[in-house]
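Coordinates in review
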Amino acid sequence: MSHPNDPKLRSFIDVAPTSDFPIQNLPYGVFSSKDGLASRVGVAIGDYVLDLWELEQGSRLDVGPLGVFSQPSLNPFMALGPKVWSKTRARISELLRSDHPELRDNRELRARALVPTADVKLHMPFAVAGYTDFYSSKEHATNVGVMFRGKDNALQPNWLHMPIGYNGRASTVVVTGTKVRRPRGQLKPPAAELPSFGPCKRLDFELEMGVVVGQASAMGEMLTEKQAEEMIFGFVILNDWSARDIQQWEYVPLGPFQAKAFATSISPWVVTREALEPFRTQGPAQDPTPLAYLKQAQPNNYDLVLEVGLRAGAMNDARTVCSTNFKYMYWSSVQQLVHHASSGCAMNVGDLLGSGTISGPEKHQRGSLLEISWNGTEPVELADGVKRTFLEDGDSLVMRGWCQGDGYRVGFGEVEGTVDAAE
Ligand code: CA
């Protein structure tokens, strides 16, 4: 049987070459449909969701404990480990192949197990155990450093030696389509003598990828590169909404707090690490050489195209404000996970690691409005007479991402969020 990543595989379901969900992808999500049944686990294929609970009940998927796919979260499935993930993906691939009759020729089963995506509601795909946000794009860290500390002190002395991060809030990680209320907080513009409390005036997005950790590690234990990699279940696109003015006043000396705690949006489908394997690529050269525990024996970056669209309330369509690539990240997701556990910090099933804002070397590759508008000094024109430095109420932000194969793409769907007024 050919591997589920084989570019030649075709499904009996028609999938357009520009669809995010060909048979080579098979991302997992949680959905409910018009049938009124509880939220459960499904896989995206073309314009359909394959209901895994339906297949599990019919004994067509053997994952061990019965009922993991009847849950409103991927956590019980993820807890079963990488061998089960791989075996299950291979079986789902087989069931969807054009040359495999089991589902293809069973009209009744097809009607029950394949739900048009247009008829489903997508939910948070997993229960977020903990959320950690990194700061691992050298271009992003340099841009921000130049803005606030000048060219000569752009990178802090620790930055080239470890993936910098902070512990964020799991409680406000939300799925695409969730409206985001403009946060309130303490503001102290440089000219003001004292702080005041009110709605954020410099609301921003950050384009990131999120790593979904599918296996736990023990408190006190370090991880090798291989162990860390095998704990990664998959990836989502992540918008780390940021209140720049709140952040500027609060971040000394412990880092961001309320400026990042009000919302983090993710895309609804978790694309497995295995599906991204054909797109593995070498990241930027690391100089100085990382300490031994952070050294990588293999490339751990991915060639993954990313785009951000911004639509002001008055516009019909979003305008692309950033086109970049995940491959630019200086510290890889594997290095982030190794570093996260290096003190003896235990990792849990369902932990989410934000990559940090993904900016590239070019101007059009900047992954936040802070950089795009250069701290509010260079407004971006979205349409005739519509300019932005930061986000206004009613603005909608859409992030998309995909790996381009030969005649197909392994994509993530989108993460969308619209800004609601603070009051
Ligand atoms: Ca961030």
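Residues numbered from 1 in each chain as written. Predicted model: local features only at pLDDT ≥ 70, side-chain atom pairs only at ≥ 80, totals over all residues. Heavy atoms only, no water.

Some thoughts on the domain arrangement of the chain
For clarity, the cut-off: How far each domain reaches was decided by an automatic or database domain assignment. Contact between two residues is taken to exist if any of their heavy atoms lie within 4.5 Å; hydrogens are not considered. Joining two parts hides part of their accessible area as seen by a 1.4 Å probe, and the buried area is that hidden amount summed over both. A pairing counts as a salt bridge when a side-chain nitrogen of Lys or Arg comes within 4 Å of a carboxyl oxygen of Asp or Glu. A 3.5 Å cut-off defines polar contacts: any pair of N or O atoms within that distance qualifies, except that in protein one atom must be a possible hydrogen donor and the other a possible acceptor, and neighbouring residues in sequence count only when both atoms are side-chain atoms. Counting from the N terminus, the helices are DSSP H or I runs at least four residues long and the strands are E runs at least two residues long.
Assigned domains of the chain: these are domain 1 (28-123) and domain 2 (131-420). With centres defined by C-alpha atoms, the gap from domain 1 to domain 2 works out at 30 Å. With 19 residues of domain 1 at the interface, the matching set in domain 2 holds 18 residues. Of the roughly 1,500 Å² buried between domain 1 and domain 2 on both sides combined, carbon and sulfur atoms contribute 68%. In this structure, the connection of domain 1 to domain 2 is made through 1 salt bridge. Residue E274 pairs with R89 through a salt bridge whose shortest N-O separation is 2.6 Å. Seen at the junction of domain 1 and domain 2, the total is 5 residue pairs in polar contact (both at pLDDT 80 or more). Breaking the side of domain 1 that touches domain 2 down by element, the ones donating at least two residues are β1 (28-33), β2 (40-45), α2 (75-78), α3 (82-96) and β5 (120-123).

With respect to the environment of R273
Looking at the element boundaries, R273 is found in helix α10 (residues 273-276). Between the C-alpha atoms of R273 and I232, which are 41 residues apart in sequence, the distance is 6.8 Å. Apart from residues lying up to four places away in sequence, R273 is in contact with P82, W85, E229, E230, I232, F233, G234, F235 and Y302.

Quick word on the coordination of the calcium ion
As a reminder of what qualifies: Metal coordination here is assigned from N, O and S atoms located within 2.8 Å of the ion, or within 3.2 Å for Na, K and Ca; omission of water means that sites may look incomplete. In this scheme, a residue with accessible area under 20% of its type's maximum is buried, one over 50% is exposed, and one in between is partly exposed, where area comes from a 1.4 Å probe on protein chains only.
At the metal site, the calcium ion is ligated by D133 (OD), E206 (OE), E208 (OE) and D240 (OD), and these contacts range over 2.2 to 2.3 Å. Counting the intervening residues between successive donors of the calcium ion yields the motif D-x72-E-x1-E-x31-D. Here the residue D133 occupies a position in strand β6 (residues 131-134), and E208 occupies one in strand β13 (residues 207-213), the gap between them amounting to 75 residues. Residue E208 is classed as buried on the basis of its relative accessible area, which comes to 0%.

A closer look at the sheet that holds strand β9 (residues 180-181)
Inclusion rule: Strands qualify as paired when DSSP identifies two bridges or more between them.
Across the sheet, which stays open at both edges, the 5 strands sit in the order β9-β26-β25-β20-β21 with mixed pairing between neighbours. Looking at the sheet topology across the chains shown, the edges are occupied by β9 and β21 (319-325). Both strand β20 (residues 305-311) and β21 contribute to a ladder of 6 bridges, which runs antiparallel. Within β21, the position partnered with V305 by the bridge is N325.

A short note on helix α11 (residues 333-341)
When you tally the buried positions in α11, you get 9 out of 9 residues, the bulk of the element. Where α11 is buried, its residues touch β6, β7 (165-167), β13, α7 (225-231), β14 (232-239) and β22 (352-354).

Here we look at α3
Test applied: Helix span is expected to be 1.5 Å times the residue number reduced by one.
Taking 1.5 Å of rise per residue, 15 residues should cover 21 Å, and α3 covers 21 Å from first to last C-alpha, within 8% of that figure. Along α3, the positions that sit buried rather than exposed are V84, W85, T88, R89, A90, I92, S93, E94, L95 and L96.

Observations regarding the packing of aromatic side chains
To keep it simple, the criterion reads: When the centres of two rings from Phe, Tyr and Trp lie within 6.5 Å, Trp using its six-membered ring, the rings pair. Their planes under 30 degrees apart give stacked, over 60 give edge-to-face, and anything left gives tilted.
Here the structure, examined in full by the defined rule, presents 10 aromatic pairs. Considering the side-chain rings of W159 and Y330, the 5.3 Å spacing of their centres and the 50 degrees angle between planes classify their relative orientation as tilted. Residue W159 is located in the loop between α6 (138-149) and β7, and its partner Y330 is located in the loop between β21 and α11; the two are separated by 171 residues in the primary sequence. No difference in accessibility class separates W159 from Y330, as the two residues are buried. Aromatic side chains Y330 and W331 sit 5.3 Å apart centroid to centroid with 75 degrees between the ring planes, which places their arrangement in the edge-to-face category.

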